[in-house]
Amino acid sequence: MKNYTSMRHTFIAIIAICVSSILILSSCSSEQKPTTQNSKTKNEFEIPALLNRTGELSQAIDWSKTQEAVNKVTQKISQQPTDYASYIKLSEIYINEARVTGEHGYYYPSILNMLDFVLSKQVNEEIQFKALSLKSSVYLSLHQFANAKETALAAVKLNPDNAQIYGALVDANVELGNYDEAVKMAETMMNKRPDLLSYSRASYLREIHGDPKGAIEAMKMAVESGYPGYENQAWTRNTLAHIYETYGDIQSAEREYKTTLAERPGYPFAVAGLASVELKKGNFKEAEEKLNQAIQIIPEVSFYVELAELYKQTGREKEAQNALKTILEMMADDEAKGHTMALEYAKVYMNVAGNLEKALEYAQKEFDARPTNIDVNKVLAEIYYEMGNLVEAEKHLAMAFITQSKNPELLEIAGLINIRGGHQKEGEMLVKQAHEANPYLVPIQFNTQSLAMANSH
């Protein structure tokens, strides 16, 4: 099973949740119904309603405070429609709710509309800055990385001393493949304010630059900087677990996933993390149960993807195809709501659907938008490897290694490409390094049928 909740998405998410969690602290799936009726202010802006949480999400320690904060802010807006700072506060809360509930399709368009409404008014620089900062974080969550960078740069001009906005520039530059610039922005951020946000970004940059031990150290510092039980700290600890898992320490990963659930019961990403651990242990039944449990908590497409791969791994092709149908429907809905999904489509078509032509089509689309991104090039290297096009595979492999990553999956792909290209000794060494770094790594199976088709043309 490949982990679809990658570290890069982790840090995109962190910027979108920390401010809102702090706000909530200081203020006091299935289709969901709003807890309040939509209302229009005197200037005809419709205030988006807070969706009701159900099941385990409604038991989270921040839910009552979230409701209280929303009621307080919306009442203030109703009484004073030109209090634009309250629209900012509501946007912060809703960014957090999107993360907690998985209801991205509802919240993100609503937030962008609200922020654009604020920016259309004659507001002071402080409010402009906050609106642009939040807008940039939403663009990151929607994978609109060029828009995120442009918006963050506009915010920096208004307030170059704010540490958080440099986090958005770290994320945007990483996604666009501007790694040197990302490091500079991370250093600026750390110098201005060392906290959960800056430590987490330092962790990711260390990991992709070939220093997993340093990444773990920095992520531990991020975890220690958070509030136990709240979404941002749970997400950060979950990321620490994922780093352990990526590099083969499933005992530490399991410990961190369980600690996350002890601090925030029912946290779906930790439940899915335990499913991944169970799968590595060969406990398919337990893994399936936990993935279904996570799916019952929030409608997260990555959980369905991992479930579909489990079905394929256990020979349940019909169930895998049913899951694939659900996945594609969910992704189409996200795309319709403004979420850029090309790389995710490429992975699903390659790993679940087994359609290399469609996978290549989507991966190439993403490559055209950000040609130096290492994740995009890693996927393209694997697709071309599967298709038997070693010239293109080697070209994208070289780009995937520009940060000197020691990611075990990447090392294995590099080894297999070298072996098939006639560099047997070097290739075997890379494969060995990959499986020494992560003994639980699922070997990539070469698609001989696709190779035969490629060679026949």
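Residues numbered from 1 in each chain as written. Predicted model: local features only at pLDDT ≥ 70, side-chain atom pairs only at ≥ 80, totals over all residues. Heavy atoms only, no water.

Caption draft 1: Region of the structure containing the packing of helix α3 (residues 84-101) against helix α4 (residues 104-119). Orientation of α3 relative to α4, taken along the N-to-C sense of each, is 165°, at an axis distance of 9 Å. Taken as axis vectors, α3 and α4 run roughly antiparallel relative to one another. Taken as a pair, α3 and α4 cross one another with a handedness that is left-handed. Touching Tyr84, Tyr87, Ile88, Leu90, Ser91, Tyr94, Ile95, Glu97, Ala98, Arg99 and Thr101 of α3 are His104, Tyr107, Tyr108, Ile111, Met114, Leu115, Phe117 and Val118, all from α4. Residues of the contact of α3 with α4, tallied by class, amount to 14 nonpolar, 3 polar and 2 charged. (Axes fitted to C-alpha atoms, helices over the stretch in contact; angles between N-to-C directions. Helix = DSSP H or I, 4+ residues; strand = E, 2+ residues; numbered from the N terminus. Parallel < 35°, antiparallel > 145°, perpendicular 65-115°, else oblique. Left-handed = near helix turned anticlockwise from the far one by under 90°. Contact = heavy atoms within 4.5 Å. Nonpolar A, V, L, I, M, F, W, Y, C, P; charged D, E, K, R; others polar.)

Caption draft 2: Representation of the pattern of salt bridges within the structure. If you walk through the whole model with that rule in mind, you get 25 salt bridges. When the shortest N-O distance is used, the salt bridge between arginine 99 and glutamate 231 registers 3.8 Å. Placement of arginine 99 in helix α3 and of glutamate 231 in helix α11 (residues 231-246) is noted, with a sequence separation of 132 residues between them. Arginine 99 gets classed as buried once you look at its relative accessible area, which sits at 7%. Notably, a salt bridge pairs glutamate 361 with lysine 358, separated by 3.7 Å at the nearest N-O pair. Placement of the pair is glutamate 361 and lysine 358 together in helix α18 (residues 356-369), with a separation of 3 residues, close to one helical turn. Looking at lysine 358, the relative accessible area reads 27%, which means it is partly exposed. One salt-bridge network, in which partners are shared between bridges, spans Arg53, Asp62, Glu97 and Arg264. (Salt bridge = Lys/Arg side-chain N within 4 Å of Asp/Glu carboxyl O. Buried < 20%, exposed > 50% of the residue type's maximum accessible area, 1.4 Å probe, protein only.)

Caption draft 3: Quick look at the side chain of glutamate 412. Counting through the fold element by element, glutamate 412 comes out in helix α21 (residues 408-420). For glutamate 412, a relative accessible area of 3% puts it in the buried group. A polar atom in the side chain of glutamate 412 sits 2.9 Å from the side chain of histidine 435. (Polar contact = N/O pair within 3.5 Å; in protein donor to acceptor, adjacent residues only side chain to side chain.)

Caption draft 4: Highlighting empty space enclosed by the protein. Roughly 90 Å³ of internal volume is contained in the second largest cavity. Together, Glu56, Leu57, Ala60, Arg99, Val100, Glu231, Arg264, Pro265, Gly266, Tyr267, Pro268 and Phe269 line the second largest cavity. Considering only residue class, the lining of the second largest cavity consists of 7 nonpolar, 1 polar and 4 charged. (1 Å grid on protein atoms, 1.4 Å probe; cavity = no way out; pocket = protein on both sides within 12 Å on 5 of 7 lines; lining within 4 Å. Points joined across faces, edges and corners; volume = space filled by probe spheres on them.)

Caption draft 5: Focus on the packing of aromatic side chains. Tallied over the entire structure, the rule returns 13 aromatic pairs. Three or more aromatic residues joined by ring pairs make a cluster, and in this case those are Phe45, Tyr84, Tyr87 and Phe117. Sitting above the plane of the tryptophan 235 ring, arginine 99 keeps its charged end 3.9 Å from the centroid. (Phe/Tyr/Trp six-rings, centres within 6.5 Å; stacked < 30°, edge-to-face > 60°. Lys NZ or Arg CZ within 6 Å of the ring centre and 35° of its normal.)

Caption draft 6: Seen up close, the nonpolar core. Counting 85 residues, the largest nonpolar core has Ile327 and Ile383 as the members making the most contacts within it. When near neighbours in sequence (up to four residues on either side) are disregarded, isoleucine 327 contacts Val301, Tyr304, Val305, Ala308 and Val348. In this structure, Phe45, Phe129, Tyr139 and Leu176 belong to the second largest nonpolar core, which totals 59 residues. (Core = buried A, V, L, I, M, F, W, Y, C linked by side-chain atoms within 4.5 Å.)

Caption draft 7: Focus on unusual backbone geometry. Phi is positive for histidine 143, close to 65°, though the residue is something other than glycine. When you line up the elements, histidine 143 lands in the loop between α5 (125-141) and α6 (145-158). In this structure, glutamine 404 takes a positive phi of about 65° despite not being glycine. You can see glutamine 404 is positioned in the loop between α20 (390-400) and α21.

Caption draft 8: Geometry of α6. Over its 14 residues, α6 extends 20 Å from the first C-alpha to the last, a length consistent with the 20 Å expected when each residue adds 1.5 Å. Those residues of α6 not exposed but buried are Phe145, Ala148, Thr151, Ala152, Ala155 and Val156. Summarising the axial view, the buried residues of α6 lie within an arc of 145°, below the 170-degree limit, and thus occupy one face. Facing away from the buried side of α6, by more than 90 degrees, are the exposed residues Glu150 and Lys157. (Expected span 1.5 Å × (residues − 1). Arc of directions from axis to C-beta.)

Caption draft 9: Region of interest: the environment of asparagine 373. Looking at the element boundaries, asparagine 373 is found in the loop between α18 and α19 (374-387). In this structure, the C-alpha to C-alpha distance between asparagine 373 and methionine 399, residues 26 residues apart in sequence, is 7.8 Å. Excluding anything up to four places from it in sequence, asparagine 373 contacts Val174, Glu175, Gly177 and Tyr179. There is a polar contact of 3.3 Å between the side chain of asparagine 373 and the backbone oxygen of valine 174.

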